[in-house]
Each structure stands twice: as structure tokens, then as C-alpha cells.
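As a plain string of letters, each chain reads:
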Amino acid sequence: ERRGLDRFGVGEWREGPHGLPWLVGNAATLFCAVDEALNYGTHTIFIGRIEQVAVDHAAKPLVYQDASFGRFVAGLD
């Protein structure tokens, strides 16, 4: 519900590539350069080229598959 700069008052924010705000603590963040922006109705669709990836290896992402929730488990072969 926060708008404008007020939405950056919650969480730990840092400056990411290109000077854009980055929320620390995400399981993974993809930093992209915009290759194209397409206007469609009331929305804009952005086509991006991944330039950098940040991964929080301590994160425990939640997965939803086949109508149930689960988590990734490392080390299973």
C-alpha cells in the first residue's frame, strides 16, 4: 500500500546496478538492461537482458507445484 519513495522505508535497500534500488534478502535477484519496452493497453511489457545475478544462498525458497507447497532440498541426486 505504500507509494512513491515511502515504499522503500521497509526492508534493507541498497543501490544496485544502474543506480536502481535493490531489496537485499531475496532468494535471487536478476539485474537486467532493458532491450525493449512494449506498450500494450494500460501496461508496458519490458524485454530485458540479464547482466548480473545476486543469490542469497541462505534463503529457503518456497515452491508451489501440483497443488501443494514444498521447499528445495540440496544434495539429492
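As a convention, each chain's residues are numbered from 1 in the sequence order in which they are written. Thresholds applied to this predicted model are a pLDDT of at least 70 for local features of residues and 80 or more for the giving and counting of side-chain atom pairs; totals over whole chains, interfaces and linings are not thresholded and use all residues. Each side-chain value is derived from all of the structure's non-hydrogen atoms; neither hydrogens nor water enter the calculation.

Caption draft 1: Structural context of the overall build of the protein chain. Going along the chain from the N terminus, every DSSP run of H or I of four or more residues is numbered as a helix, and every run of E of two or more is numbered as a strand. Helix and strand counts for the protein chain stand at zero helices and six strands. The linear arrangement of helices and strands in the protein chain, starting from the amino end, is β-β-β-β-β-β. Computation of the radius of gyration draws on C-alpha atoms, with the globule rule given as 2.2 Å multiplied by the number of residues to the power 0.38. Here the C-alpha radius of gyration of the protein chain, 16 Å, is well above what a compact globule of 77 residues would show, namely 11 Å. Overall size of the protein chain, expressed as C-alpha extent along the three principal axes, is 40 × 30 × 30 Å. Within the protein chain, buried positions represent 8% of all 77 residues. Contact criterion: two residues are considered in contact whenever any of their non-hydrogen atoms come within 4.5 Å of each other. Within the protein chain, contacts between residues at least 6 apart in sequence are counted, and of these 18% link residues at least 24 apart. Only the protein chains shown count as covering a residue, and every accessible area follows the Shrake-Rupley method with a 1.4 Å probe. Of the roughly 7000 Å² that the protein chain leaves accessible, carbon and sulfur atoms contribute 54%. Neither His nor the chain ends contribute to the count of charged residues, in which Lys and Arg are positive and Asp and Glu negative. For this purpose, a charge sits on NZ of Lys, CZ of Arg, CG of Asp or CD of Glu. Positive and negative charge centroids in the protein chain, built from 7 and 10 side chains respectively, lie 7 Å apart. A simple rule labels every residue: compare its accessible area, found with a 1.4 Å probe on the protein chains alone, to the largest value its type can have, and call it buried under 20%, exposed over 50%, or partly exposed in between.

Caption draft 2: A look at the side chain of Thr29. As for its position among the elements, Thr29 is in strand S3 (residues 28-40). Looking at Thr29, its side chain comes within polar contact range of the side chain of Trp22, at 3.2 Å. Polar contact is defined as a pair of N or O atoms within 3.5 Å, subject to the rule that within protein one atom must be able to donate a hydrogen and the other to accept it, and that residues adjacent in sequence are counted only when both atoms are side-chain atoms. A distance of 3.5 Å separates a polar atom in the side chain of Thr29 from a polar atom in the side chain of Asn26. If sequence neighbours within four positions are ignored, Thr29 has contacts with Trp22, Gln52, Val53 and Ala54.

Caption draft 3: Spatial organisation of a nonpolar patch on the surface. Patch criteria: residues need more than 30% relative accessible area and no salt bridge. Like-charged residues are merged within 9 Å; nonpolar side chains of Val, Leu, Ile, Met, Phe, Trp and Tyr are merged within 5 Å. One side-chain nitrogen of Lys or Arg within 4 Å of one carboxyl oxygen of Asp or Glu is enough to make a salt bridge. Nonpolar side chains collect at one region of the surface, where Leu30, Ile50, Val53 and Val55 lie side by side and expose about 360 Å² of accessible area between them. With three residues, strand S4 (residues 43-55) is the single largest residue contributor to the nonpolar patch. With respect to the helices and strands, Ile50 occurs in strand S4.

Caption draft 4: Highlighting the packing of aromatic side chains. Centre distance within 6.5 Å is the pairing criterion for rings of Phe, Tyr and Trp, where only the six-membered ring of Trp is used; planes under 30 degrees apart are then read as stacked, over 60 as edge-to-face, and the remainder as tilted. Scanning the model with the defined rule gives three aromatic pairs in all. Relative to Trp13, the ring of Phe8 has its centre 4.7 Å away and its plane inclined at 90 degrees; by these criteria the two rings are edge-to-face. Aromatic side chains Tyr64 and Phe69 sit 4.8 Å apart centroid to centroid with 55 degrees between the ring planes, which places their arrangement in the tilted category. Grouping residues by exposure puts Tyr64 and Phe69 together as exposed.

Limitation: the analysis is restricted to geometry and does not speak to function.
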